[in-house]
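An overview of the molecular structure
Take a look at the letters that make up each chain.
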Amino acid sequence: MHPETTGRDSTPPAPVRDRRDGGRVPLRADLKAALPDAGAAVVVTVAVFVFLYLRMRSGASATVAVMPFMDDPGTYWMYLLSQAFGWSGLLWSWGTVLLGLLLSGPRPGRLPVSRAVLERWHRTTSLTTMALMFAHALMFAAELVRDAGGLAWAARLWSAFADTFVPGWYDSGTGKLAIPIGQGALYLAVPLGLLFYVRHRIGAAAWRRLHRFVIVVYVLSVWHTLLYGTNVWYDEWPRTALWLLQLPVAVLLLLRLLRPARRAERLGAPGRQAEVPPLRWTARAVGRVAAAAVIAGLLAVVLSGHDGGRPRPDGPPVTAPATQIPE
């Protein structure tokens, strides 16, 4: 993805570039441009929080079905806010990945806005996603601090920090796997998202190679949600809908691998591209096959209804706060 200047049309201008710095887009310009996007994310987060709060208060929440002790939204509001940030973060991650694949894949004949605007949206939604992911983790830690009421403040703060941010520290239930996966998504998202602003130091080619791993961040985020999101804990329509939303990502990924925007990444017949080493050619071919297999797998999950969810129990499970705190 290479930012381009806008033409003389009716579309909003791209962020002002620092001409003294080789025409690069400064981070401060994108941070300023991200303010409306971040504002929209806050509105969505508040709406999700209110929805989750009202469902918990009514007793219809899947979170309460998993953890009956959480039947008091007034007490567990920080946990609900963590959930709300997590869902808005996943939504923004979904959007920024779609924009990135749209920009790096086959170019549509007609777009409602200029390519430069799409690139700016990709960058600003990426910055917003990082902020939402951090807020999600921070509110989870805040809930752990509140929950550890029997400890001294220093011990509570350290325990919550370690459980939330130190890989392998959280040792309860599904979280032993799900929490490190979420941490991996956060710790990869920040450097991969910010490398764009220092690509002049590492080189454009190195930046492009590293930027491809952004899709790994998204996969880890979805995996974390499927493992630990109590709102999609059971094998019901919310979980199936989450699987279904991955289809456009997989389709655009396959198109991007089949017809990348950069000619140097296109895959010709074996032996006809002397400049492409055999190992790289094989890796690109395997990537295309894997993306097609993912699409087939997603369709199989959605059509069969076997989405890896747990059956909803007839009675409330016996779960204590200290035993497990799924997301």
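If you're wondering where the values come from, they're calculated on a predicted model, not measured in any experiment. Each chain has its residues counted from 1, following the order in which its sequence is written. A pLDDT threshold of at least 70 governs which residues receive local features in this predicted model, and a stricter bar of 80 or more applies before side-chain atom pairs are shown or counted, although totals over entire chains, interfaces and linings include all residues. By convention in this description, side-chain values take in all heavy atoms of the structure and omit both hydrogens and water.

Details of a nonpolar patch on the surface
To keep things clear, this is the line we draw: The patches reported here contain residues having more than 30% relative accessible area and no salt bridge. Joining distances are 9 Å for like charges and 5 Å for nonpolar side chains (Val, Leu, Ile, Met, Phe, Trp, Tyr). Methods summary: accessible areas were calculated by the Shrake-Rupley approach with a probe of 1.4 Å, and residue burial reflects only the protein chains presented. Any Lys or Arg side-chain nitrogen located within 4 Å of an Asp or Glu carboxyl oxygen qualifies as a salt bridge. A helix here means a DSSP run of H or I that spans at least four residues, while a strand means a run of E at least two residues long, and both kinds are numbered starting from the N terminus.
Residues Leu 188, Ile 202, Leu 210, Phe 213 and Val 216 make up a contiguous nonpolar surface patch of about 380 Å² in total accessible area. Note that Leu 188 resides in helix H7 (residues 175-194).

Regarding the side chain of Ser 104
This is how it is decided: For the exposure calls, accessible area comes from a 1.4 Å probe over protein chains only, and a residue counts as buried if that area is under 20% of its type's maximum, exposed if over 50%, partly exposed in between. Pairing of N or O atoms within 3.5 Å defines a polar contact, subject to two protein rules: one partner must be a possible hydrogen donor and the other a possible acceptor, and residues neighboring in sequence count only if both atoms are side-chain atoms. Only heavy atoms matter for contacts: two residues are in contact if any of them lie within 4.5 Å across the pair.
Relative to the helices and strands, Ser 104 resides in helix H4 (residues 77-104). Owing to a relative accessible area of 18%, Ser 104 belongs among the buried residues under this scheme. A polar contact is formed between the side chain of Ser 104 and the backbone oxygen of Gly 100, at a distance of 2.9 Å. If we skip the residues at most four places from it in the chain, Ser 104 touches Arg 256, Pro 260 and Ala 261.

Overview of the packing of aromatic side chains
Going by this rule: Any pair of Phe, Tyr and Trp rings, taking the six-membered ring for Trp, is counted once the centres come within 6.5 Å. Such a pair is stacked with planes under 30 degrees apart, edge-to-face with planes over 60 apart, and tilted for the rest. In our convention, an over-ring charge means Lys NZ or Arg CZ found within 6 Å of a ring centre and within 35 degrees of that ring's normal.
For the coordinates displayed, the defined rule picks out 10 aromatic pairs. Note on Tyr 170 and Tyr 228: the rings are 6.5 Å apart at their centroids and 85° apart in plane angle, and the pair reads as edge-to-face. Here Tyr 170 is found in the loop between helix H6 (153-165) and H7, whereas its partner Tyr 228 is found in helix H10 (residues 214-228), with 58 residues between them in sequence. Accessibility classification places Tyr 170 together with Tyr 228 in one group, the buried group. One aromatic cluster is present, formed by Phe 134, Trp 158, Phe 161, Phe 165 and Trp 169 through successive ring pairs. Residue placement shows Arg 310 over the ring face of Trp 233; its charged tip is 3.7 Å from the ring centre.

What to know about the packing of helix H11 (residues 237-244) against helix H12 (residues 246-258)
Our working rule: Inter-axis angles, ranging from 0 to 180 degrees, are taken between N-to-C directions of lines fitted to C-alpha atoms, where helices are fitted over the stretch in contact. Between 65 and 115 degrees an angle is taken as roughly perpendicular, under 35 as roughly parallel, over 145 as roughly antiparallel, and anywhere else as oblique. When residues are sorted by character, Ala, Val, Leu, Ile, Met, Phe, Trp, Tyr, Cys and Pro go into the nonpolar class, Asp, Glu, Lys and Arg into the charged class, and all the rest, Gly among them, into the polar class.
Remark: H11 packs on H12, axes separated minimally by 5 Å, with the N-to-C direction vectors making an angle of 15°. As the angle between them shows, H11 and H12 are arranged roughly parallel. Here H11 contributes Leu 242, Trp 243 and Leu 244 to the contact with H12, which in turn contributes Gln 246, Leu 247 and Pro 248. When its residues are assigned to classes, the contact of H11 with H12 shows 5 nonpolar, 1 polar and no charged.

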